[in-house]
Amino acid sequence: MKPFIPFHLPDIGEEEIHAVVETLRSGWLTTGIKTKQFEKEFAEWVGASHAIALNSCTAALHLALETVGVTDGDEVIVPTMTFAATAEVVHYCRALPILVDCKSDTFNIDVEAIEQAISPKTKAIIPVHFAGQPCEMDRILDLAQSRNIKVIEDAAHALPAKYRGKMVGTLGDITCFSFYATKTMTTGEGGMATTENAEWAERMRILSLHGISRDAVNRYTPEGSWYYEICYPGYKYNLTDMASALGIPQLRKCHDFGKIRNRYAMLYNEAFKDIPEIIVPYMNEDIEHAWHLYVIKLDLKRLRIGRDEMIDLLKQQGIGTSVHFIPLHLHPYYRRNCRYANENFPVANQVFKCIISLPIYPKMTDADVQRVIEVVTRLIQENRR
Ligand SMILES: Cc1ncc(COP(=O)(O)O)c(C=O)c1O
């Protein structure tokens, strides 16, 4: 039996190991100069004015909503085709997530569905750049700006990605990135918020450390002072210097990582394009895709097996896969508490039954990609109707 190809493996080199060890030896473990350097490099890299390092994308989304003023009884429009975090942060602000359907080609949020969901209570929209493909940002920003609605992008999958020549991270009001272990670059756990608004950046930074006016560098270094003030009831969302030390070399490799994922996506596209049972990912024009995920759709009418059986067979053949996502409205919490009508999500309901995310990451070899192609192709041939 050939070795198992996991769904994801991080690519951690000697530079990262050395940087973390150096930080461990430095005597400064929590948020300090490494985190400042990481923020500066990240802001320059995406071309944003401000970047705030946080301990997750979830924390970034929460602080972004709170910073733009989402509060009790407000509504925030969220795609149903996303991870738990995108909607749970709306609850943190005591507001209501209004779930909307996705497009059948890109699986990104459906702009017409956003338009229908807007009400006088709508304070914000959270587009999720599904799999690393930017949403239709011009249309979303037009809709939002004409109604004074804020756009907080969930870019957990979209590093690096471009929309009409502009980097994701420079488009909406605040953009939130994830450095979770499976993402396109990692700090183990971690996140970053970017914005052009200096006041919001300062507020997010203060909220991330208990709402206090002085961070650790400004309290515990020889130049610092013990005195601090609590400006807001804040949170404990700061990123450690150990994580930032890992993030800096990962960020410097991020373009090269992206090139490899792009090449693997093209190999998959080419191999599957003439297999009628497989619908390869659709790409809009004028975008650059981060290819965090490579999601195929099965044409189940042409197969004797369902999606779940296909996943089991792939596993038996040594290929790890995943499903992105179980739409939020199908989960028990949202079914019980929010009573979203199932008929509001015809596309997500249909898409969910057919999708499989295949492995795509720089740590894979070309031979691994060829093996995934060969196994998927063979299983499809064996299970044709
Ligand atoms: C679309 C999306 N948003 C947000 C998150 C949350 O990211 P984090 O784990 O950094 O909080 C994830 C994580 O998988 C995600 O897929």
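Look above for the structure.
Draft legend 1. Expanded view of the overall build of the protein chain. Helix and strand counts for the protein chain come out as 13 helices and 13 strands. For a compact globule of 385 residues, the expected C-alpha radius of gyration is about 21 Å, and the protein chain comes in at 21 Å, within 12% of that figure. Overall, the C-alpha framework of the protein chain stretches about 75 × 55 × 40 Å when taken along its three principal axes. Looking at the protein chain alone, contacts between residues at least 24 apart form 73% of all its contacts between residues at least 6 apart. Looking at the protein chain as shown, the accessible area adds up to about 17100 Å², and 52% of this sits on carbon and sulfur atoms. Positive and negative side-chain charges in the protein chain, numbering 42 and 48 respectively, have mean positions lying 4 Å apart.

Draft legend 2. Just the pairing of strand 12 (residues 294-298), in detail. Within strand 12, five of the five residues are buried, leaving the element largely enclosed by the surrounding structure. Taking every second residue as pointing to the same face, both faces of strand 12 are buried, with Y294, I296 and L298 on one and V295 and K297 on the other. As defined by bridge partners, strand 10 (residues 278-279) adjoins strand 12 across two bridges and the pair is classed as antiparallel. Residue I279 lies in a different strand from strand 12, and its bridge partner there is K297. As paired strands, strand 12 and strand 13 (residues 355-358) are joined by four bridges and run antiparallel to one another. Within strand 13, the position partnered with I296 by the bridge is I356.

Draft legend 3. Representation of the side chain of T67. Residue position: T67 is located in helix 3 (residues 57-67). Discounting chain neighbours no more than four positions away, the residues touching T67 are W200, R203, M204 and L207.

Draft legend 4. Structural detail: the site of the ligand. Lining the immediate surroundings of the ligand are 16 residues, of which T58, D154, H157, S178 and K183 lie closest. Here a nitrogen atom of the ligand and a side-chain polar atom of D154 are 2.6 Å apart. The side chain of K183 places a nitrogen or oxygen atom 2.7 Å from an oxygen atom of the ligand. Look at the ligand: alone it shows 400 Å² of surface, and the protein chains cover 92% of it. Of all the secondary structure elements, the ones that give two or more residues to the shell around the ligand are helix 3 and helix 4 (84-92).

Draft legend 5. Region of interest: the packing of helix 10 (residues 307-316) against helix 13 (residues 366-382). It is the contact of helix 10 with helix 13, at a shortest axis distance of 11 Å, that shows an interaxial angle of 130°. In terms of orientation, helix 10 and helix 13 fall into the oblique class. Crossing hand, helix 10 versus helix 13: right-handed. Across the interface between the two elements, M310, L313 and L314 from helix 10 touch V375, V376, L379 and I380 from helix 13. The residue inventory of the contact of helix 10 with helix 13, partitioned by class, reads seven nonpolar, no polar and no charged.

Draft legend 6. Summary view of the side chain of S244. Position of S244 relative to the elements: it lies in helix 9 (residues 241-272). For S244, a relative accessible area of 0% gives the class buried. Setting aside chain neighbours within four positions, we find S244 in contact with K34, T35, F38 and L239.

Draft legend 7. The packing of helix 3 against helix 7 (residues 198-207), seen in detail. Where helix 3 contacts helix 7, the axes come no closer than 10 Å and their chain directions differ by 125°. By the angle class used here, helix 3 and helix 7 are oblique. The crossing of helix 3 and helix 7 is right-handed. Contacts from L63, A64, E66 and T67 of helix 3 reach helix 7 at W200, R203, M204 and L207.

Draft legend 8. Expanded view of the pairing of strand 9 (residues 191-195). The buried fraction of strand 9 amounts to five of the five residues, a majority that puts the element mostly inside the structure. Alternating positions in strand 9 separate into two faces, G191, A193 and T195 on one and M192 and T194 on the other, with burial throughout. Relative to strand 9, strand 1 (residues 50-54) runs antiparallel, the two sharing five bridges. Paired with L54 across the strands is G191, a residue of strand 9. Note that strand 8 (residues 174-178) and strand 9 share five bridges and pair antiparallel. Directly across from C176, in strand 9, lies its bridge partner A193.

Draft legend 9. The packing of aromatic side chains, seen in detail. Counting across every chain of the model gives 12 aromatic pairs. With 5.5 Å between their ring centres and 45° between their planes, F38 and F179 make a pair best called tilted. With F38 in helix 2 (residues 33-46) and F179 in the loop between strand 8 and strand 9, the pair connects residues that are 141 residues apart, well separated along the chain. Geometrically, the ring pair formed by Y268 and Y294 is tilted, given 4.8 Å between the ring centres and 45° between the ring planes. Remark: Y294 occurs in strand 12 and Y268 occurs in helix 9; sequence separation between them is 26 residues. A relative accessible area of 0% means that Y268 is categorised as buried.

Draft legend 10. Representation of the environment of G320 within the structure. Topologically, G320 is positioned in the loop between helix 10 and helix 11 (332-337). With a relative accessible area of 8%, G320 lands in the buried category. As a C-alpha pair, G320 and V372 span 52 residues in sequence and 9.4 Å in three-dimensional space. Apart from the residues within four sequence positions on either side, G320 is in contact with F4, I5, P6, F7 and P359.

Criteria and thresholds
- Residues numbered from 1 in each chain as written.
- Predicted model: local features only at pLDDT ≥ 70, side-chain atom pairs only at ≥ 80, totals over all residues.
- Heavy atoms only, no water.
- Helix = DSSP H or I, 4+ residues; strand = E, 2+ residues; numbered from the N terminus.
- Rg over C-alpha atoms; globule rule 2.2 N^0.38 Å.
- Contact = heavy atoms within 4.5 Å.
- Areas by Shrake-Rupley, 256 points an atom, 1.4 Å probe, with all protein chains shown as cover.
- Lys, Arg positive; Asp, Glu negative; His and termini not counted.
- Charge placed at Lys NZ, Arg CZ, Asp CG, Glu CD.
- Buried < 20%, exposed > 50% of the residue type's maximum accessible area, 1.4 Å probe, protein only.
- Pairing = 2+ DSSP bridges.
- Near = heavy atom within 4 Å.
- Polar contact = N/O pair within 3.5 Å; in protein donor to acceptor, adjacent residues only side chain to side chain.
- Axes fitted to C-alpha atoms, helices over the stretch in contact; angles between N-to-C directions.
- Parallel < 35°, antiparallel > 145°, perpendicular 65-115°, else oblique.
- Left-handed = near helix turned anticlockwise from the far one by under 90°.
- Nonpolar A, V, L, I, M, F, W, Y, C, P; charged D, E, K, R; others polar.
- Phe/Tyr/Trp six-rings, centres within 6.5 Å; stacked < 30°, edge-to-face > 60°.

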